[in-house]
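Survey of secondary and tertiary structure
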Amino acid sequence: MMKTLRSKLLLFFMTITFFSLFVIAFVSYNSQKEAMETQLERSFQLYAQGLITSVHNIIDEVSRDVGYLSANPVLKNPDASTEEIKEQLEEFVTYFSIFEHVVLLDLDGTVVADIADGRFIGYNVKDREWFGRALNGEANFAEIYFSSLLEKPVSVIAVPVTDNEGNLVGILSPYYDLVHLWDYVYAFSELQKEIGNHAYAFLLNEQGDVIGHPEEEQILTRNYLRDFNLSESILPELAASDGLFYNGQNGEVGMVRQIPHTDIFTHNWYLGVAVPEAELMSPLKNLLTQYLMIFLFVLAAMWLAIIHFSNYLVSPVERLLKAQAEFSEGHKPDPVPVDSYQEINQLSSEFNVTMAKAVERENIHKKSTLILEATDNAVFAVNTDTLEVTTFNKKCETMFRKNKSDVIGATVKDLNESSESFRSIEEHSGLIKRLETETSLEDFEFTCPIDGEERYFYILFNQLPASENEDKKEILVIISDVTENRMMLKQLIQSEKVKAAGELAASFAHEIRNPLTTIRGFIQLMEARGIGEQGNSRNYYQIILQEIDRINGIVGDLMNLVRPNGNTQLMEADVNELLEDITLLYDGQVSSSKVAIEKELDENVPTFLTFGSKLKQVFINIIKNAFEAMPDGGSLMIRTSYNVNLETVDIIFTDTGIGMDADTLENLRKPFFTTKETGTGLGMPTCYMIIEELGGEIKVESEPGKGTVFTVRLPVKLKDAGLKGA
Ligand code: ADP
Ligand code: MG
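These figures come from a predicted structure and were not determined experimentally.

Quick look at the overall build of the protein chain now. When helices and strands are counted, the protein chain shows 21 helices and 23 strands. Over its C-alpha atoms the protein chain spans a radius of gyration of 75 Å, topping by over 25% the 27 Å that the globule rule assigns to 726 residues. Dimensions of the protein chain, computed from the C-alpha atoms along their principal axes, are close to 240 × 60 × 40 Å. By the burial criterion, 39% of the 726 residues in the protein chain qualify as buried. Roughly 41200 Å² of accessible area belongs to the protein chain as shown, and the carbon and sulfur atoms make up 54% of that amount. In the protein chain, the 62 positive side-chain charges and the 108 negative ones have mean positions that sit 20 Å from each other.

Shown next as structure tokens:
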């Protein structure tokens, strides 16, 4: 299957498009991905930076505000009353609303001044680390811790207060509302929620404790490092790195930054920004699906285009192949359309031309075969080396009474042995010897009996052109039966002779008749006057007169023969009636010669237009001959019959006379041929001439001693040939 041009084209183009598309998609997807990641990183950086700035601002503000408070002269004065101090503290908290509370501690760590209800008075904090540091003169932020007193996380600041001489007089300890710090963390998460993702910010201290988170319950209850099994060193590392980090344990991607220190804030706090990785990746996933869809769409479109294109390339080739196959199988395909691309068009039109030529050649071949089979000549071909017969037409089959299939491949010698008629021809023509020697192959004519009938043949030889890859020599032998031709020629010569003799005789007859009439008249006169009435002279007169009458008869017959055109008149004749009339004439003779005339006249015989008196002449001649053939009596049967299909009338005369031998039969048409002592030999030629003139024919069957049958067949419709005589 992969061997076809179509499949190869498809495979080739599809592989190419698939790979190129794949590479393009892969490269552009990856670059898009990178760009997206960078963008995401940058936006995280921006978020983190913004948050850090905000958180730092708070811490900074707190630091500055506390510095301002510690410089308060009332507080610096050791002699100031508790009331005065309280007033100052309350004023501070009112002014700087970020602070929730502030107390003054003595150097023992006991609260000596409080605001409002003074519930912290007497509370001691000397164990706290931040208090110790403050005693050492170091203002500091305490770590955020959960105050059991306030029941919430607090961030305490410790600031030493000195008198004008610089002696430590007390420790100020305000604490601010952490909500101010957390607000940024909340706000960021809320904003992210609004734009549809779950990114959030959080604050961690150095130990990994969560000190700020949108979910308040996590604050101071979770430790990031512990929860995720991370070492403490990871936070400064992440803060120093530029990029995103991936937390495989909660599936989040994020970024960590450290909050800068101030004079009094020296803790290492970290701000984190995180988002579930799936969310971060969702635009990338969308991108991937988009790419995949575009990829598939383009691939499908390409495949369609390729299939179309390969169809365009292959279909005309297939069409051509199909036509070629059909042609090889012997069908004649329709011409291949010339409507594709140039190369195939060229091929197609060349194929069409070749096909048309081949079809024409085949037609010619068929025609010549048809001619060969239809011709009236016997045609066969012989290989002159082997004497093998290679062609044998229909006429040969009938002439030699052999089947073509039996003869083809056999030699002419085999044919000579198996076919009698071929043998007869071979005997009279020496055909095989001529073919063998090949030197005397000239056309020639010969006669030879076939089925007891002498026939004339003309043989023609033709050297057949050898086909390209064969060098065998073949001779075409054409045997033409020219018997009819020769017979017609003979008849023509004969009738020409008769015509000439007739014309001559006609002029003689005229010349003879006139003096003969005169002589006869005088002899009658002499007889009547009794001139020379002695002895036998009377007898002599009789003999002279008889002989003169005989001459007259001959001349009369002669004139009938040579003037067949005379005495002609077209008339509506009834053959039966004609025959009745004639036989009436013979009635007298019948009784004396003991010849019986019988008649069977067909009533269906129609009357038809013909030369009536000439027809009468024919019938008289035939009846006269019949009577003369039965000197000792006999019977003459006259029958008529009408053939409706052929539209012919048959008049049949059957006598029981002496009959005719072959020689007489052959010479019947010849003028002056007679077997009778007193015959003229002109009766039958006259009959033939008249009947043939009327388009009819005469058939004779006779046997010596048995009798004769004359059949005159006449067409009811006068043909042109008949009218010519008029
Ligand atoms: P003719 O009668 O003058 O001899 P035809 O031309 O009429 O000349 O006849 C030619 C010859 O044909 C006759 O001499 C005779 O030998 C033969 N012939 C014709 N008709 C018959 C017949 N019915 N029976 C026997 N011989 C016949
Ligand atoms: Mg006669």
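Our next topic: the environment of Ser189. On the secondary structure map, Ser189 appears in helix H5 (residues 179-194). When the C-alpha atoms of Ser189 and Ala199 are compared, they prove to be 6.2 Å apart, with ten residues separating the residues in sequence. In contact with Ser189, other than residues within four places in its own chain, are Ala199, Tyr200, Ala201 and Pro214.

Close to ligand 1 lie 22 residues, the nearest being Asn625, Thr674, Thr675, Lys676 and Met684. Between a nitrogen atom of ligand 1 and a side-chain N or O atom of Asp655, the distance comes to 2.9 Å. Backbone polar atom of Gly683 to an oxygen atom of ligand 1: 3.3 Å apart, as the coordinates give it. Calculation on ligand 1 without its partners gives an accessible area of 520 Å², and the protein chains cover 95% of this total. Elements with a minimum of two residues in the shell around ligand 1: helix H18 (612-629), helix H20 (683-693) and strand E23 (707-715). Among the elements that line the shell around ligand 1, the one with the most residues is H18, at four residues. The residue makeup of the shell around ligand 1, split by class, is nine nonpolar, ten polar and three charged.

Here we come to the packing of aromatic side chains. Enumeration over the complete set of coordinates arrives at 29 aromatic pairs. For the ring pair Phe120 and Tyr123, a centre distance of 6.3 Å and an interplane angle of 65 degrees mean the geometry is edge-to-face. On the basis of relative accessibility, which here comes to 7%, the residue Phe120 falls in the buried class. Judged by relative accessible area, Tyr123 falls into the partly exposed class, the value being 33%. Taken together, a centroid distance of 5.4 Å and an interplanar angle of 80 degrees make the contact between Phe141 and Phe265 edge-to-face.

Quick look at the sheet that holds strand E18 (residues 595-600) now. Taken in spatial order, the five strands make up an open sheet running E18-E20-E21-E23-E22, and their pairing is mixed. Single-partner strands in this sheet number two, and they are E18 and strand E22 (697-703). Going across the sheet, the axis of each strand differs from the next one's by a mean of 15 degrees, ignoring polarity. Direction of pairing for E22 relative to E23: antiparallel, over a ladder of seven bridges. Directly across from Glu697, in E23, lies its bridge partner Arg713. Lying over the sheet, H18 contacts E18, strand E20 (634-643), strand E21 (648-655) and E23, oriented at roughly 20 degrees with respect to E21. Along the sheet, H20 makes contact with E22 and E23, crossing E22 at roughly 145 degrees.

Of the residues in the protein chain, 93% reach a pLDDT of 70 or more, and the chain-wide mean stands at 85. Between the elements of the protein chain, mean pLDDT differs from a low of 42, seen in helix H21 (residues 720-724), to a high of 96, seen in E21. Scored below 50 in pLDDT, residues 720-726 shows ten contacts in the model against residues more than four places distant or in partner chains.

At Leu387, a position not held by glycine, the phi torsion is positive, near 60 degrees. Note that Leu387 resides in the loop between strand E12 (378-383) and strand E13 (389-392). For Leu387, a relative accessible area of 7% corresponds to the buried category. A positive phi angle is found at Arg401, which is not glycine, with a value near 55 degrees. As for its placement among the helices and strands, Arg401 is situated in the loop between helix H10 (394-400) and helix H11 (404-407).

About the cut-offs
Residues numbered from 1 in each chain as written. Chains lettered and ligands numbered in written order. Predicted model: local features only at pLDDT ≥ 70, side-chain atom pairs only at ≥ 80, totals over all residues. Heavy atoms only, no water. Helix = DSSP H or I, 4+ residues; strand = E, 2+ residues; numbered from the N terminus. Rg over C-alpha atoms; globule rule 2.2 N^0.38 Å. Buried < 20%, exposed > 50% of the residue type's maximum accessible area, 1.4 Å probe, protein only. Areas by Shrake-Rupley, 256 points an atom, 1.4 Å probe, with all protein chains shown as cover. Lys, Arg positive; Asp, Glu negative; His and termini not counted. Charge placed at Lys NZ, Arg CZ, Asp CG, Glu CD. Contact = heavy atoms within 4.5 Å. Near = heavy atom within 4 Å. Polar contact = N/O pair within 3.5 Å; in protein donor to acceptor, adjacent residues only side chain to side chain. Nonpolar A, V, L, I, M, F, W, Y, C, P; charged D, E, K, R; others polar. Phe/Tyr/Trp six-rings, centres within 6.5 Å; stacked < 30°, edge-to-face > 60°. Pairing = 2+ DSSP bridges. Axes fitted to C-alpha atoms, helices over the stretch in contact; angles between N-to-C directions. pLDDT = per-residue confidence, 0-100.

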